[in-house]
Amino acid sequence: MIHNEVLDCIRSRRSTRHFQEQQIKEEELEILLEAAIWAPSGGNSQSWLFTAVQNPQALAKINELLKAGFQHWIPDDDYPGKLGAKALAQKEDCHFFHHAPTLIIASNRPNYENAMADCALALENLFLAANSLGLGSCYINQLHWLRNDPGLRDYLLELGIPREHTICSSAVVGYIAKESGVPPRKEGTRRIIK
Ligand SMILES: Cc1cc2nc3c(=O)[nH]c(=O)nc-3n(C[C@H](O)[C@H](O)[C@H](O)COP(=O)(O)O)c2cc1C
């Protein structure tokens, strides 16, 4: 196995789900957002918008809106991942952001076919940058699932995310309180045709 800084950073990145309360430094947030915007984008569109939310009341409000939204919008015959989240949303102590101090919401212009791909690539850049700084991070999907929830959209508009934008994905970041285990990689997912 070859080791260099980039490959080691890719391999050692983990999804963190236990964060310290302490906020990350401003210069760390700047580095993460800068890493995101260096990602490739379809046709060099760069039409994404990354909104970092660090206000504790705003984070709590978004979490509450998600919890409520799950009960309204996710049908009982949806797929298991969503039903698991719906059940979780009914619990008092449910916190979709794992109590991380920073949430970064990736949105993009509407009716743009590469919206999700561009934002996903940008977030992976951000995750790797976070790992390189010793920060924990995790992809958070619930905002995408509930992207059309009117209450959530009203609030995101208040935070400056244009109403017409589609919410592609989000990420949480913070100092790691507990390291995550390493999920083994599945066999048989690579092929080379010569
Ligand atoms: C599209 C996508 C959605 C995900 N959604 C969530 C999520 O909502 N909450 C969460 O805690 N982790 C989420 N994850 C993280 C995965 O659970 C995690 O990447 C996977 O278990 C492998 O672990 P690793 O990232 O440490 O290698 C998501 C990852 C991806 C790529």
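See the structure printed just above.
So, a few notes on the structure that sits alongside this text. What you see is a predicted model; the values in this text were computed from it and never measured. (Residues numbered from 1 in each chain as written. Predicted model: local features only at pLDDT ≥ 70, side-chain atom pairs only at ≥ 80, totals over all residues. Heavy atoms only, no water.)

**Some thoughts on the site of the ligand**
Taken together, Arg13, Arg14, Ser15, Arg17, His98, Cys138, Tyr139, Ile140, Asn141, Gln142, Pro183 and Arg185 make up all the residues around the ligand. Note that an oxygen atom of the ligand is positioned 2.7 Å from one of the side-chain N or O atoms of arginine 17. In the environment of the ligand, an oxygen atom lies 3.0 Å from a nitrogen or oxygen atom belonging to the backbone of asparagine 141. Relative to its unbound accessible area of 630 Å², the ligand is 63% covered by the protein chains. Sort the elements by how many residues they give to the shell around the ligand and strand E3 (residues 136-140) lands first, with 3 residues. Counted by class, the shell around the ligand contains 4 nonpolar, 4 polar and 4 charged residues. (Near = heavy atom within 4 Å. Polar contact = N/O pair within 3.5 Å; in protein donor to acceptor, adjacent residues only side chain to side chain. Areas by Shrake-Rupley, 256 points an atom, 1.4 Å probe, with all protein chains shown as cover. Helix = DSSP H or I, 4+ residues; strand = E, 2+ residues; numbered from the N terminus. Nonpolar A, V, L, I, M, F, W, Y, C, P; charged D, E, K, R; others polar.)

**A word on the packing of aromatic side chains**
Enumeration over the complete set of coordinates arrives at 5 aromatic pairs. For the ring pair phenylalanine 70 and tryptophan 145, a centre distance of 6.1 Å and an interplane angle of 90° mean the geometry is edge-to-face. Here the residue phenylalanine 70 occupies a position in helix H3 (residues 56-73), and tryptophan 145 occupies one in helix H6 (residues 142-145), the gap between them amounting to 75 residues. Overall, the relative accessible area of 0% leaves phenylalanine 70 in the buried class. Consider the rings of tyrosine 79 and tryptophan 145, whose centres lie 6.3 Å apart with planes at 85°: the pair is edge-to-face. Within this pair, whereas tyrosine 79 is found in the loop between H3 and helix H4 (80-89), its partner tryptophan 145 is found in helix H6, the two being separated by 66 residues in sequence. The partly exposed category is assigned to tyrosine 79, whose relative accessible area is 43%. Given a relative accessible area of 17%, tryptophan 145 falls into the buried group. By the ring-pair criterion, three or more aromatic residues cluster together here, those being Phe70, Tyr79, Phe96 and Trp145. (Phe/Tyr/Trp six-rings, centres within 6.5 Å; stacked < 30°, edge-to-face > 60°. Buried < 20%, exposed > 50% of the residue type's maximum accessible area, 1.4 Å probe, protein only.)

**Quick look at the sheet that holds E3**
Strand order in the open sheet made by the 4 strands is E1-E2-E4-E3, with antiparallel pairing throughout. Each edge of the sheet is formed by a strand with only one pairing partner; in this case those strands are strand E1 (49-53) and E3. Going from strand to strand, the sheet's axes swing by 20° on average, the running direction of each strand aside. Relative to strand E4 (residues 166-174), strand E2 (residues 102-108) runs antiparallel, the two being bridged by 7 bridges. Note on E4: the bridge partner recorded for leucine 103 is valine 172. Against the sheet, helix H5 (residues 115-132) touches E1, E2, E3 and E4, its axis set at about 5° to E4. (Pairing = 2+ DSSP bridges. Axes fitted to C-alpha atoms, helices over the stretch in contact; angles between N-to-C directions. Contact = heavy atoms within 4.5 Å.)

**Details of unusual backbone geometry**
For asparagine 44, which is not a glycine, the phi torsion comes out positive at approximately 55°. Among the secondary structure elements, asparagine 44 is positioned in the loop between helix H2 (26-37) and E1. Its relative accessible area of 54% is what places asparagine 44 among the exposed residues.

**Notes on the pattern of salt bridges**
Within this structure, the stated rule accounts for 5 salt bridges. The residue lysine 67 makes a salt bridge to glutamate 64 at a minimum N-O spacing of 3.8 Å. Linking lysine 67 with glutamate 64, this pair stays in helix H3, spanning 3 residues, or about one helical turn. With a shortest N-O distance of 2.7 Å, aspartate 76 and lysine 86 are connected by a salt bridge. Placement of the pair is aspartate 76 in the loop between H3 and H4 and lysine 86 in helix H4, with a sequence separation of 10 residues. For aspartate 76, a relative accessible area of 64% translates into the label exposed. (Salt bridge = Lys/Arg side-chain N within 4 Å of Asp/Glu carboxyl O.)

Honestly, it's all geometry; don't read function into it.
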